[in-house]
Amino acid sequence: MSDLNQRIEAVYKRDVIIAWAFVIGLWFAVIFVAIATWKLAPEGPWHIILLIGGVAVLLFNTASIGALVKHYKEDKHFIYTLDLKYLDEMRNRKAGG
């Protein structure tokens, strides 16, 4: 495996970990807010409406991150080759100037 491929894999793996960490953090935050504010919501259908809204936010955000990770996996060489090229260029400019 070439040095560039190893760098691409390392950056891709880091991005995947960060993306899923965001999803986990979002789930914890939404669940915490739901529990902490449950008694503040009016009685009746409002609890159900708030639950449906929270679940929708969680599901759509989880699905979108899943799609993003899938897209990154499919196009990681194109995406990360450009990123690494410009990062290397910036690093060389700082070292030289």
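Since the model is a prediction, treat every value here as computed from it, not as a measurement.

Colleague: So what exactly am I meant to see when it comes to the pattern of salt bridges here?
Modeller: When the charged atoms of two side chains lie near each other, side chains of opposite charge can form a pair. The tally for this structure, following the rule as stated, stands at 5 salt bridges. Between Glu 9 and Lys 76 there is a salt bridge whose closest N-O contact spans 2.4 Å. Of this pair, Glu 9 sits in helix 1 (residues 3-37) while Lys 76 sits in helix 2 (residues 46-96); the two residues are 67 residues apart in sequence, bridging distant segments of the chain. Residue Glu 9 shares its accessibility class with Lys 76, and that shared class is buried. Of the charged contacts in the structure, one is a salt bridge between Asp 88 and Arg 91, with a shortest N-O distance of 3.1 Å. Of this pair, Asp 88 and Arg 91 both sit in helix 2, 3 residues apart, which is roughly one turn of that helix. What makes Asp 88 partly exposed here is its relative accessible area of 22%.

Colleague: Whenever I open this one, the side chain of His 47 confuses me. Can you help?
Modeller: Mapping His 47 onto the fold places it in helix 2. Beyond its immediate stretch of four places on either side in the chain, His 47 contacts Trp 38, Ala 41 and Pro 42.

Colleague: What's the story with helix 2 in this structure? I'm lost.
Modeller: Structurally, the α-helix is built with 3.6 residues per turn, so residues lying three or four positions apart point the same way. Between its terminal C-alpha atoms helix 2 stretches only 62 Å, short of the 75 Å expected from 51 residues at 1.5 Å a residue. For helix 2, the principal kink sits at Asp 75 and spans about 85 degrees. Buried within helix 2 are the following residues: His 47, Gly 54, Leu 58, Ile 65, Val 69, Lys 76, Ile 79, Tyr 80 and Leu 84. Tucked into the core, helix 2 has its buried residues touching helix 1.

Colleague: I'm lost on the environment of Ile 49 in this one. Help?
Modeller: Tracing the chain through its elements places Ile 49 in helix 2. A residue is classified by how much of its surface remains accessible, and Ile 49, at 45% relative accessible area, is partly exposed. On a C-alpha basis, the gap between Ile 49 and Tyr 80 in space is 42 Å, while along the polypeptide they are 31 residues apart.

Colleague: I tried to follow a nonpolar patch on the surface on my own but got confused; where do I start?
Modeller: Residues Trp 27, Ile 31, Ile 35, Val 55 and Leu 59 make up a contiguous nonpolar surface patch of roughly 480 Å² in combined accessible area. Elements with a contribution of two residues or more to the nonpolar patch: helix 1 and helix 2. It is helix 1 that contributes the most residues to the nonpolar patch, 3 residues altogether. With respect to the element layout, Ile 35 can be found in helix 1. Overall, the relative accessible area of 64% leaves Ile 35 in the exposed class.

Conventions used here
Residues numbered from 1 in each chain as written. Predicted model: local features only at pLDDT ≥ 70, side-chain atom pairs only at ≥ 80, totals over all residues. Heavy atoms only, no water. Salt bridge = Lys/Arg side-chain N within 4 Å of Asp/Glu carboxyl O. Helix = DSSP H or I, 4+ residues; strand = E, 2+ residues; numbered from the N terminus. Buried < 20%, exposed > 50% of the residue type's maximum accessible area, 1.4 Å probe, protein only. Contact = heavy atoms within 4.5 Å. Expected span 1.5 Å × (residues − 1). Bend = angle between axes of the 7 residues up to and from the residue. Patch = residues over 30% accessible without salt bridge, like charges linked within 9 Å, V, L, I, M, F, W, Y side chains within 5 Å. Areas by Shrake-Rupley, 256 points an atom, 1.4 Å probe, with all protein chains shown as cover.

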